[in-house]
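Letter by letter, the chains look like this.
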Amino acid sequence: MSNRAEGTGRRRVRRVFGFAVLVACVLFFFHTSLLFESAALVLRNVDPLIEHLGAGRAGKVIIFGCFAMLFAAHLAEAAVWGLYVWGQGLTRTYADGIYFTAVTVTALGYGDVVLLPPWRMLGPLIAIAGLLKFGCSTAFLFVVIQAIWTRHLV
């Protein structure tokens, strides 16, 4: 390979990985904003929910709402990563991109859809970002359930 072709390849690798870090940062911002906005929404509406539904149902509705919101958020984030890897031409189809990223962010790691070198290093980047977001989601759910429990809403 000539120096010029090698340089072009290196530039593309740097660009793809640099943009992947940017995607990770944007998704971190989205996820943390969603958690804080959801917490504010719950705090604003807990008393009206208790009045309308009663204490036991209000707690269950809040917990279910948080689970549903987080499920949708994680699916959307996997779809964004899937769009990115497919858009960069790293997977054959958008469905393969979503599947690869969903398996990666959940740390399942089946290995039936993999990226070729040098792109396979995106897998650990996506996995670390996904696991951090799952950890934050778990902490958020713990705080919500603890607040529901201490207010005797279940």
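Residues numbered from 1 in each chain as written. Predicted model: local features only at pLDDT ≥ 70, side-chain atom pairs only at ≥ 80, totals over all residues. Heavy atoms only, no water.

K.L.:
I would appreciate a short explanation of unusual backbone geometry in the present structure.
P.N.:
Trans peptide bonds make up most of the peptide bonds, and negative phi angles are found at most residues other than glycine. With an omega dihedral of 0°, the bond running from P117 to P118 counts as a cis peptide bond. Mapped onto the secondary structure, P118 falls in the loop between α3 (94-105) and α4 (122-150). Phi at A107 is positive, roughly 65°, even though this residue is not glycine. Residue position: A107 is located in the loop between α3 and α4. (Helix = DSSP H or I, 4+ residues; strand = E, 2+ residues; numbered from the N terminus.)

K.L.:
So what exactly am I meant to see when it comes to the packing of aromatic side chains here?
P.N.:
The description of an aromatic ring pair uses the distance of the two centres, along with the angle that the planes make with each other. In this structure the tally under the stated criterion is four aromatic pairs. Residues W81 and Y84 carry aromatic rings whose centres are separated by 6.2 Å and whose planes lie at 75° to one another, so their mutual orientation is edge-to-face. Of this pair, W81 and Y84 both sit in helix α2 (residues 55-87), three residues apart, roughly one helical turn. Of the two residues examined, W81 and Y84, each falls in the buried class. Centre to centre, the rings of W86 and Y94 are 5.8 Å apart; their planes meet at 50°, and the pair counts as tilted. Relative accessible area serves as the criterion here: at 38%, W86 is assigned to the partly exposed category. Y94 gets classed as partly exposed once you look at its relative accessible area, which sits at 31%. An aromatic cluster is defined as three or more aromatic residues linked by ring pairs; in this entry it consists of F19, W81 and Y84. For K133, the ring lying beneath its charged end belongs to F28, and the centroid distance is 5.7 Å. (Phe/Tyr/Trp six-rings, centres within 6.5 Å; stacked < 30°, edge-to-face > 60°. Buried < 20%, exposed > 50% of the residue type's maximum accessible area, 1.4 Å probe, protein only. Lys NZ or Arg CZ within 6 Å of the ring centre and 35° of its normal.)

Scope: geometric values only; no functional claims are made or implied.
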